[in-house]
Amino acid sequence: MWLKLGMGDWFTALALWGNIIAMLIGIIYGAIHWNRDNDQRNAEK
Amino acid sequence: MTDKFIILGIFGCYLITVTWLTLRGRSKTHTQEDFLVAGRKTHPFIMAMSYGAAFISTSAIVGFGGMSGCFGLGLLWLPFMNVMVGIIIAFIYFGKRTRKIGKNLEARTFPEFIGRRYDSKWLKIAVSSIIFFFMPLYCAVVLIGGARFLEQLLMINYHTAVFSFGIVIGIYVLLGGLKGVMYVDALMGIIMILGLAALLGLTYWELGGFIPAHQKLTDMVHLAPTDFVARGLNGWTSMPRFNSEMWWLLVSSLILGVGIGVLAQPQLAVRFMTVKSGKELNRAVLVGSIFIIITAGSAYMCGALSNVWFQEKFGMISVDVVKDQKLLSAAYQAKKEGRDFSEIKKEFAPDIDATPVTADEAKLRHGNPDLIIPAFINLALPRWMVYIFAMTLLSAAMTTLSALLHATGSALGHDFFGTIFGKQESTFLSKAGIVIGLIVSIVLAFALPAGIIARGTALFFGICAAAFMPSYIGALYWTRTTRAAVWCSVIGGFACSMFCMVFLHRAESAGIGICQWLFGRTELISTHPWPFIDPMVIALPISAFLLITVSLLTSKLPRRHIGKCFKDIKVREF
């Protein structure tokens, strides 16, 4: 099954998927919060 | 001859660029604040690249990449932890508060941060002492990695390589301070990303594609050496057998030890204090995530996949190819002359001995895993890739070493002597600390045995995690943490780590020899799995327990002090 990415067990396949997903989480978080600064928001409040 | 000129040319360009960036950093370094925390105005791209480059060293690429070649892709859980914990959790949950509290307290180093947060100059001295005594060991192993590489690349004597490599890095750290270090890190980080991305792409291209390459490695499971299988190997694309020696090494020392230990690394934590606001850290999360996956992920994938290539070309797995020096020499010669490797395959048929052996005997039967990545790149990939990889490895070594030297120097100079003599505004003491740290690291690099790189790295990460992590987390999130609790946690965590290394964890206790001398055995508890459980797994919970228990039993820090630490930060009182 292609989801296994040619790996021998699901745990290792999950590690590879985990790497890709972790990178995407970092990219999405950084992109969404690119111009956000809690210090500024607190100061405005 | 042409090769040597090209390599010297690359090295020369490298030095010129490093010198220019260092002098640029020097021109912008006027105060202690500039020297130690880069003026707290670093660009997020530079901060993220510097953090990542300081984190990923030759140890990660060559050392752990080689381990992946032996033990398989279960090691991919480590880059996952490196991103989730080392970047996302570190930057968002540790970095933002470290930056704010650091600014509120005007802290410029990690020991100063801990000392001022808990209002104790003696704590600062204790933390800086631990850093100064143990960080040169980590410096030395990274120096060894870089020097061994230079020794091969430039065909120079090892001692000359150690000395000259150490001196070059020492000079640019002294001249440029943290600004110079971070500018150089950013450039070298770019080289690392490009080099390792190219390595991964070429490897997949050479082996037939993304999934086909993995499938070929999976289909090689029957070729796993019997002694590796006995220690837990289940093939290179599966996790080791649960509760086996290999499983404990992978999970406790590598994945947990390095994956979690990164949070308490002083040379990384200080980088959170170099940016202007939380916005910069948010941006740095994006850059850092990409950096870690491409660099660490590529090295581990290629290490494991090299088994496929070596099996196809030479009929042997990676760790056996690198044992045979005659085969390697013949292969390099064939590559130089543009000949096929099939003749070499016939000439050097594998000598497979299936007799079960101990772990130490297995090390002698197989080759040095540290040679897998260099051998694979030299033989499998085009010549231009060898030059790019040379620069990549050099960058990895220089960035980590400069970060460590800077942290060692500031621990000894600014934190230890500066506190004792009351001269914390003097950059002279920090610079003197860097020189002393460099000398100690060079001496250790001459004295330490071979094969110490990965072990030295894990040792340092483990000590820092056990001694500092609970106190660091308490400093950021728990206003109830008391000074007495931090003392107990730091001393308890450190002592427990040392005890485990000297008496329980075979990888260190056998080498140190005290347990053998006192009790006639390499470790106190030989029953599986005790000799293979990483010291951090035992010491960190004990350290955390001490912090929490003693905090609840001793008096809190004054409200006014807590108010100053947490100014403009939302806190919950427990």
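Up top is the structure these notes are about.
For the structure given in this document, a descriptive report is provided here.

**Remarks on the side chain of B:Asp415**
Residue and element names in this part refer to chain B. Of note, aspartate 415 is situated in helix α19 (residues 383-421). The buried charged residue aspartate 415 lacks any salt bridge partner; its closest oppositely charged side chain belongs to lysine 124, at an N-O distance of 4.1 Å. Within the structure, the side chain of aspartate 415 is placed 2.7 Å from the side chain of threonine 109, a separation counted as a polar contact. Residue contacts for aspartate 415: discarding those within four places in its chain leaves Thr109, Pro111, Glu112, Lys124, Ile125, Ser128 and Ser410.

**Brief notes about the pattern of salt bridges**
Residues and elements named next belong to chain B. Under the counting rule described, the total for this entry stands at 9 salt bridges over all chains. A salt bridge links glutamate 523 to arginine 506, with the nearest nitrogen and oxygen atoms 3.0 Å apart. Of this pair, glutamate 523 sits in the loop between α24 (514-519) and α25 (535-553) while arginine 506 sits in helix α23 (residues 506-512); the two residues are 17 residues apart in sequence, bridging distant segments of the chain. For glutamate 523, a relative accessible area of 2% corresponds to the buried category. Residue class for arginine 506 comes out partly exposed when judged on its relative accessible area of 32%.

**Things to note about unusual backbone geometry**
Residues and elements named next belong to chain B. With omega at 5°, the peptide bond leading from histidine 528 into proline 529 counts as cis. For proline 529, the position within the fold is in the loop between α24 and α25. Although it is not a glycine, glutamate 106 adopts a positive phi angle of roughly 55°. Relative to the assigned elements, glutamate 106 resides in the loop between α5 (77-105) and α6 (110-117).

Cut-offs applied
Residue numbers restart at each chain and count upward from 1, following the sequence in its written direction. Chain letters start at A and ligand numbers start at 1, both assigned in the order the entries are written. Under the rules for a predicted model, residues below a pLDDT of 70 receive no local features and side-chain atom pairs below 80 are neither given nor counted, while totals for whole chains, interfaces and linings still include all residues. With hydrogens and water set aside, each side-chain value is computed from the structure's full complement of heavy atoms. Helix and strand assignments follow DSSP, with helices taken as H or I runs no shorter than four residues and strands as E runs no shorter than two, numbered in order from the N terminus. Here's how the labels work: a residue is buried when its accessible area is under 20% of the maximum for its type, exposed when over 50%, partly exposed in between, all with a 1.4 Å probe on protein chains only. Charge assignment in this entry is limited to Lys and Arg as positive and Asp and Glu as negative, and neither His nor the chain termini are counted. One speaks of a salt bridge when a side-chain nitrogen belonging to Lys or Arg is within 4 Å of a carboxyl oxygen belonging to Asp or Glu. Here a polar contact is recorded for every N or O atom pair within 3.5 Å, except that within protein the pair must consist of a potential hydrogen donor and a potential acceptor, and residues adjacent in sequence are included only if both atoms are side-chain atoms. Should any heavy atoms of two residues lie within 4.5 Å, those residues are counted as being in contact.

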